[in-house]
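Given next are the chains, with one letter for each unit.
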Amino acid sequence: MTSTGFRRTVVAIGVCSSLALAAACGSGDDGSASGKTRITVNCEPPRSAQVDRAFFEEDVAAFEKRNPDIDVVAHDAFPCQDPKTFDAKLAGGQMEDVFYTYFTDARHVVDVRQAADITPYLGELKNYRSLQKQLRDIYTFDGKVYGVPRTGYSMGLIYNRALFRKAGLDPDRPPATWDEVRADAKKIAALGDGTVGYADYSAQNQGGWHFTAELYSRGGDVVDADGKATVDSPEGRAVLRSLHDMRWTDDSMGSRQLLVINDAQQLMGAGRLGMYLAAPDNIPILVKEKGGDYKDLALAPMPGGRGTLIGGDGYMFSKHDTPAQIRAGLKWLDAMFLTPGKGFLGDYARAKKHDAPVGLPEPRLFTGAADAVDQRAKKADANVPVENYRAFLDGNTRLRMRIEPPHAQQIYSVLDAAVSAVLTKKDADIDQLLHEASDKIDSILARS
């Protein structure tokens, strides 16, 4: 699954809108005859996103002024990576010179031999070694680097501080284990008046997505290194047992089930839900669209302490790129996205001026001195209660970051059935559900 948005208010935007335009996307011609190195890039905000479009154009113009030997040609459309055209553009060698990818597609691009090895040119990125290693590794295969991470999100536990206080819980001490989640959910549900202690998704593949996140948090896995299903495990049983017991023994999850993300957001925004799993970008949605209040909303790291499901995006380079284009593209990425406290995503003062939320708990892209610079800049212009997210930011540094499994949507559909069963059938057979899910996942993997 994908998160609901990128850092600040940016959404996934921008590829050539059709294959008819593909010839303009990535020709491999560096334009050296004109005395400039020309690069095509994608994920420019569309004109309908007026503020973000203006920011992007402003930053490209500033980059070209500082680098008069580079010509940046940006392409926009929605979304940044259109699944309807992505593989066709890859197969046809028609990607932009510098093109956007989700984390989950990096290996595929490398496997079909459409990505340039940028390892020899990484010196153009001043802060590459300051990027989180776990994010860098997503674009590293067999010791070679094929891309650069731009943003990331990770799952955490959103909770309602007001309900915690009302239930006699300390809002500054969110639950750190699944046993503590269960205990706190029971106390919150006991407030009555339709209050739900803990909510979880169980439909439209979202139940399988959350099962995966909860499995990672306990140290389990969905698929092992040999390409075999591993959901039928002690960790998998613990996930389903916990959900079953909160639903049927504690009655802390409410009677309405088969929820999806909007249902949980509606409950949280209305002040009737204690906790649910989500990425940080849910928070402004809860405030701006669902009636919530920033002061009441907090975020903790994934309970369990073992791992967290992450997603995000980055840029890769066409195999047709010249060395000059790779160097130019890396310089552009450095200026646009990878300079702490500056650029399209890091100019927090500019974002605040335009009433975009600053200080939301995105997972830290940088480490060390670069992270310190970024955090100081963010804190200086924060317009949301950053202390409400401190536990998440600090706790995330101790968790193993895990991307989604291969063939994620097909697998999530299988796991949806297991999650929905334990939440709608009191006598659900957990062992049987996991055994059947494991067999189905193995069949999906065998066909790949």
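Throughout, a residue's number is its position along its own chain's written sequence, starting from 1. In view of the model being predicted, local features appear only for residues whose pLDDT reaches at least 70, and side-chain atom pairs are presented and counted only at 80 or more, with totals across whole chains, interfaces and linings using the full set of residues. Heavy atoms from the whole structure form the basis of all side-chain values; hydrogens and water molecules are not counted.

Colleague: Honestly, the overall build of the protein in this entry has me stumped. Any pointers?
Modeller: Secondary structure summary: the protein contains 17 helices and twelve strands in total. For the protein, whose C-alpha radius of gyration is 22 Å, the value lies close to the compact-globule estimate of 22 Å for 448 residues. Exposed residues in this analysis have more than 50% of their type's maximum accessible area, buried residues have under 20%, and partly exposed residues fall in between, with area computed by a 1.4 Å probe over protein chains only. Per-residue burial for the protein yields a buried fraction of 60% across its 448 residues. Look at the contacts in the protein between residues 6 or more apart in sequence, and 78% of them connect residues 24 or more apart. Approximately 18400 Å² of the protein is accessible, and the part contributed by carbon and sulfur atoms is 48%. The charge count treats Lys and Arg as positive and Asp and Glu as negative. His and the chain ends do not count. Charge positions are represented by NZ for Lys, CZ for Arg, CG for Asp and CD for Glu. Charge centroids of the protein, computed over 55 positive and 61 negative side chains, lie 3 Å from each other. Only DSSP runs of H or I reaching four residues or more are called helices, and only runs of E reaching two or more are called strands; each is numbered from the N terminus. Throughout, the radius of gyration refers to the C-alpha atoms, and the reference size of a globule is 2.2 Å times the residue count to the power 0.38. The contact definition used throughout considers only heavy atoms, calling two residues in contact when any of these lie within 4.5 Å. Residue exposure ignores everything except the shown protein chains as possible cover, and the areas themselves are Shrake-Rupley values with a 1.4 Å probe.

Colleague: Would you mind going over the confidence of the model for the protein with me for this structure?
Modeller: The predicted coordinates of low-pLDDT regions are not to be read in fine detail. What pLDDT conveys is the predictor's confidence in a given residue, as a value from 0 to 100. Per-residue confidence for the protein averages 91 on the pLDDT scale, and 92% of its residues sit at or above 70. In the model, residues 4-27 has pLDDT below 50 throughout and makes 94 contacts with residues more than four positions away in sequence or in other chains.

Colleague: Could you clarify how one ought to interpret the sheet that holds strand E9 (residues 273-278) in this entry?
Modeller: Sheet strands line up and pair through hydrogen bonds in the backbone, either parallel or antiparallel. Note on pairing: two strands pair once DSSP finds at least 2 bridges between them. On the basis of which strands lie adjacent, the open sheet formed by four strands has the order E8-E9-E7-E10 and mixed pairing. Single-partner strands in this sheet number two, and they are strand E8 (196-198) and strand E10 (297-301). On average, each strand axis in the sheet is inclined to that of its neighbour by 30 degrees, with strand direction left out of account. The pairing of strand E7 (residues 156-160) with E10 spans five bridges and is classified as antiparallel. Angles here are taken between N-to-C directions and fall from 0 to 180 degrees, while the axes themselves are lines fitted to C-alpha atoms, restricted in helices to the stretch in contact.

Colleague: What is the right way to read the packing of helix H7 (residues 206-217) against helix H8 (residues 234-249) from this model?
Modeller: The description of two helices packed together rests on the angle between their axes and the distance between the axes. Here H7 crosses H8 at 120 degrees, and the two axes come no closer than 9 Å. Two packed elements cross with a definite hand, and for H7 against H8 that hand is right-handed. Across the interface between the two elements, Phe211, Glu214 and Leu215 from H7 touch Glu235, Gly236, Val239, Leu240 and Leu243 from H8. Residues are grouped as follows: Ala, Val, Leu, Ile, Met, Phe, Trp, Tyr, Cys and Pro are nonpolar; Asp, Glu, Lys and Arg are charged; all remaining types, including Gly, are polar. Counted by class, the contact of H7 with H8 contains five nonpolar, one polar and two charged residues. Handedness of a crossing is defined here by the sense of rotation of the near helix relative to the far one, left-handed for an anticlockwise turn of less than a right angle and right-handed for a clockwise turn.

Colleague: Would you explain the environment of Thr104 in this entry?
Modeller: Secondary-structure assignment places Thr104 in the loop between strand E3 (98-102) and helix H3 (106-111). Overall, Thr104 belongs to the partly exposed group, its relative accessible area being 37%. In this structure, the C-alpha to C-alpha distance between Thr104 and Glu44, residues 60 residues apart in sequence, is 21 Å.

Colleague: Any chance you could explain a negative patch on the surface here in plain terms?
Modeller: A cluster of acidic residues, Asp427, Asp429, Asp431, Glu436 and Asp439, forms a negative patch at the surface. One can find Asp431 in helix H17 (residues 430-446). Excluding any residue in a salt bridge, patches collect residues exceeding 30% relative accessible area, merging like charges within 9 Å and nonpolar Val, Leu, Ile, Met, Phe, Trp and Tyr side chains within 5 Å. Here a salt bridge means any side-chain nitrogen of Lys or Arg lying within 4 Å of a carboxyl oxygen belonging to Asp or Glu.

Colleague: Where do I start with the environment of Phe78 in this structure?
Modeller: By secondary structure assignment, the location of Phe78 is in the loop between strand E2 (70-76) and helix H2 (86-91). Along the sequence, Phe78 and Pro45 sit 33 residues apart, while their C-alpha atoms lie 8.3 Å from each other.

Colleague: Honestly, the state of the cysteines in this entry has me stumped. Any pointers?
Modeller: Structurally, a disulfide amounts to a covalent bond that connects the sulfur atoms of two cysteines. The disulfide criterion used throughout: a pair of cysteine sulfur atoms within 2.5 Å. Per the counting criterion, the structure on display carries one disulfide. Two residues, Cys43 and Cys80, share a disulfide whose sulfurs are 1.9 Å apart. Linking Cys43 and Cys80, the disulfide has an S-S dihedral of approximately 60 degrees and is accordingly described as right-handed. In this pair, Cys43 sits in strand E1 (residues 37-44) while Cys80 sits in the loop between E2 and H2, placing the two residues 37 residues apart along the sequence. Both residues of the pair, Cys43 and Cys80, belong to the buried class.

Colleague: How should H17 be read in this particular structure?
Modeller: Residues spaced three or four apart along an α-helix face the same direction, because each turn holds 3.6 residues. A helix is expected to span 1.5 Å multiplied by its residue count minus one. Over its 17 residues, H17 extends 24 Å from the first C-alpha to the last, a length consistent with the 24 Å expected when each residue adds 1.5 Å. Within the sequence span of H17, burial applies to Ile430, Leu433, Leu434, Ala437, Ser438, Ile441, Ile444 and Leu445. Projection of H17 onto a plane perpendicular to its axis shows the buried side chains occupying an angular sector of 130 degrees, all on one side. On its buried face, H17 sits against H7, H8 and helix H16 (408-424). Note that the arc is defined by the directions from the helix axis to the C-beta atoms.

Colleague: Looking at this structure, I do not really get the pairing of strand E11 (residues 307-317). What am I missing?
Modeller: Side chains on a regular strand alternate between the two faces of the sheet. The buried count for E11 comes to eleven of eleven residues, which makes it a mostly enclosed element. Burial along E11 is two-sided: the face carrying Gly307, Leu309, Gly311, Asp313, Tyr315 and Phe317 and the face carrying Thr308, Ile310, Gly312, Gly314 and Met316 are both buried. Pairing of E3 with E11, which is carried by five bridges, proceeds in the antiparallel orientation. Opposite Tyr102, over in E11, you have Asp313 as the bridge partner. As judged from the seven bridges shared by strand E6 (residues 147-154) and E11, these two strands associate in the antiparallel manner. Residue Val148 lies in a different strand from E11, and its bridge partner there is Tyr315. As paired strands, E11 and strand E12 (residues 400-402) are joined by three bridges and run parallel to one another. Bridging from a neighbouring strand, Thr308 pairs with Met401 of E12.

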